[in-house]
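# Notes for the structure review
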Amino acid sequence: MGLQRFERRLERLVEGGFGKAFRSGLQPVEIGRRLVREMDIGRTLGVRGTVAPNVFTVHIAQADVDRFEGFHDSLVSELCETARDHARESKYHFVGPVEVTVSTDPHARIGDLAIDAAIVAGPGGAGSLVLADGRRVQLGDEPIRIGRLPDCSIPLSDSQASRHHAEVRRGDHGFTVVDLDSLNGTSVNGVVIHEKDLEDGDVITIGETAIRYEES
């Protein structure tokens with residue numbers, strides 16, 4: 001499913017004007033397929049389950065790097081999402097943020113592809129909050145406060161949010177969301193909570209604002 005979504009998103013890139021770059025040489029979907037394969041090969045058993053590689057270096061020929069130049073950032077973003085999708089579907093965990101770097105291999109020919117995949121722990125483990133507009137807030141040792149006041153890490157314009165509504169804090173086994181005695185309450189996956197340990201894919205709802213937690 002993750003690769004299928006990747007392919008559909010690539011189709012939209014082509015429709016957006018990058019189709020010419022896809023006509024010859026290395027195809028972006030090949031990178032997505034290889035990345036997923038390297039995740040499976042590099043997985044290992046950790047304390048909380050299966051841990052997958054989260055840092056990838058894509059080695060390709062200079063000619064292919066040049067072809068991808070116009071949509072490099074979009075391609076990297078899509079590859080990161082593909083890694084997260086595959087980890088979610090396979091019940092893999094990450095120990096640090098997902099990162100993809102595209103590097104030139106001076107010895108590679110057009111169409112050649114190699115990917116180095118590594119498990120790299122982040123400074124505070126792995127976890128992020130994904131906002132409705134797609135922005136991603138990386139979690140660490142410092143609590144992330146959510147509310148209407150501008151001093152919040154995630155300030156909301158939602159009228160149903162309290163000034164200091166909730167916090168996401170590091171817990172013993174990951175991250176925990178805590179309601180700060182807000183007026184209208186905080187829910188996770190539709191259930192009102194005071195405090196809850198977060199799992200990958202959980203949706204925190206504050207008023208009309210939905211924030212997704214991802215272990216990546």
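In this report, the structure presented in the accompanying data block is examined.

So, about the pattern of salt bridges. Evaluation of the coordinates by the stated rule reveals 14 salt bridges. Note that Asp141 is salt-bridged to Arg170, the shortest N-O span being 2.9 Å. Of the two residues, Asp141 is situated in the loop between strand S8 (136–138) and strand S9 (144–147) and Arg170 in strand S11 (residues 166–171); the sequence distance between them amounts to 29 residues. Note on Asp141: relative accessible area 54%, which makes it exposed. A salt bridge links Lys196 to Asp202, with the shortest nitrogen-to-oxygen separation between them at 3.2 Å. Residue classification places Lys196 among the partly exposed positions, given a relative accessible area of 24%. Each member of the salt-bridge network shares a partner with another, and the members are Glu81, Arg84, Asp85, Arg88, Arg136, Asp200, Arg212 and Glu214.

Right, let's get into the packing of helix H2 (residues 28–42) against helix H4 (residues 72–90). Between two packed helices, the angle of one axis relative to the other and the distance separating the axes together describe the packing. Two elements in contact, H2 and H4, have axes separated by 10 Å at closest approach and are oriented at 35°. The element H2 and its partner H4 pack so that their crossing is right-handed. Only Leu75, Leu79, Thr82, Ala83, His86 and Ala87 of H4 make contact with H2, whose side of the interface consists of Pro28, Ile31, Gly32, Leu35, Val36, Met39 and Asp40. Of the residues contributing to the contact of H2 with H4, the split by class is nine nonpolar, three polar and one charged.

Time to look at the sheet that holds strand S7 (residues 128–130). Judged by pairing direction, the sheet is antiparallel, and its six strands sit side by side in the order S8-S7-S17-S16-S13-S14 without closing on themselves. Sheet topology places S8 and strand S14 (191–193) at the edges, where each strand pairs with a single neighbour. Recorded for the sheet is a direction-independent mean angle of 30° between the axes of neighbouring strands. Note that S7 and S8 share three bridges and pair antiparallel. Bridging from a neighbouring strand, Leu129 pairs with Val137 of S8.

So, about the nonpolar core. In terms of nonpolar packing, the biggest core is built from 23 residues, with Ile31, Leu35, Met39, Phe56 and Val100 touching the most fellow members. Mapped onto this core, the elements with two or more residues apiece are H2, strand S3 (55–60), H4 and strand S6 (113–118). Considering each element in turn, this core owes the most residues, six residues, to H4. The contacts of Leu35, once residues within four sequence positions are left out, are Phe56, Leu79, Ala83, Val100 and Ile115.

With that out of the way, let us pick up the pairing of strand S16 (residues 203–206). The alternating pattern of S16 places Ile204 and Ile206 on a buried face, while none of Val203 and Thr205, on the opposite face, is buried. Here two bridges tie strand S13 (residues 186–188) to S16, and the two strands are oriented antiparallel to one another. The residue bridging Val188 from the neighbouring strand is Ile204, located in S16. Alignment of S16 against strand S17 (residues 209–214), held across four bridges, turns out to be antiparallel.

Once that is clear, we can look at the sheet that holds S11. Strand order in the open sheet formed by five strands is S10-S9-S11-S12-S15, and the pairing between neighbours is mixed. Both outer strands of the open sheet, strand S10 (154–155) and strand S15 (195–197), are each paired with one neighbouring strand and no more. Pairing of S11 with strand S12 (residues 174–179), which is carried by six bridges, proceeds in the antiparallel orientation. Across the sheet, Arg170 pairs through a bridge with Phe175, a residue of S12.

Calculation criteria
- Residues numbered from 1 in each chain as written.
- Predicted model: local features only at pLDDT ≥ 70, side-chain atom pairs only at ≥ 80, totals over all residues.
- Heavy atoms only, no water.
- Salt bridge = Lys/Arg side-chain N within 4 Å of Asp/Glu carboxyl O.
- Helix = DSSP H or I, 4+ residues; strand = E, 2+ residues; numbered from the N terminus.
- Buried < 20%, exposed > 50% of the residue type's maximum accessible area, 1.4 Å probe, protein only.
- Axes fitted to C-alpha atoms, helices over the stretch in contact; angles between N-to-C directions.
- Left-handed = near helix turned anticlockwise from the far one by under 90°.
- Contact = heavy atoms within 4.5 Å.
- Nonpolar A, V, L, I, M, F, W, Y, C, P; charged D, E, K, R; others polar.
- Pairing = 2+ DSSP bridges.
- Core = buried A, V, L, I, M, F, W, Y, C linked by side-chain atoms within 4.5 Å.

Interpretation note: all reported values are geometric properties and have no functional meaning in isolation.
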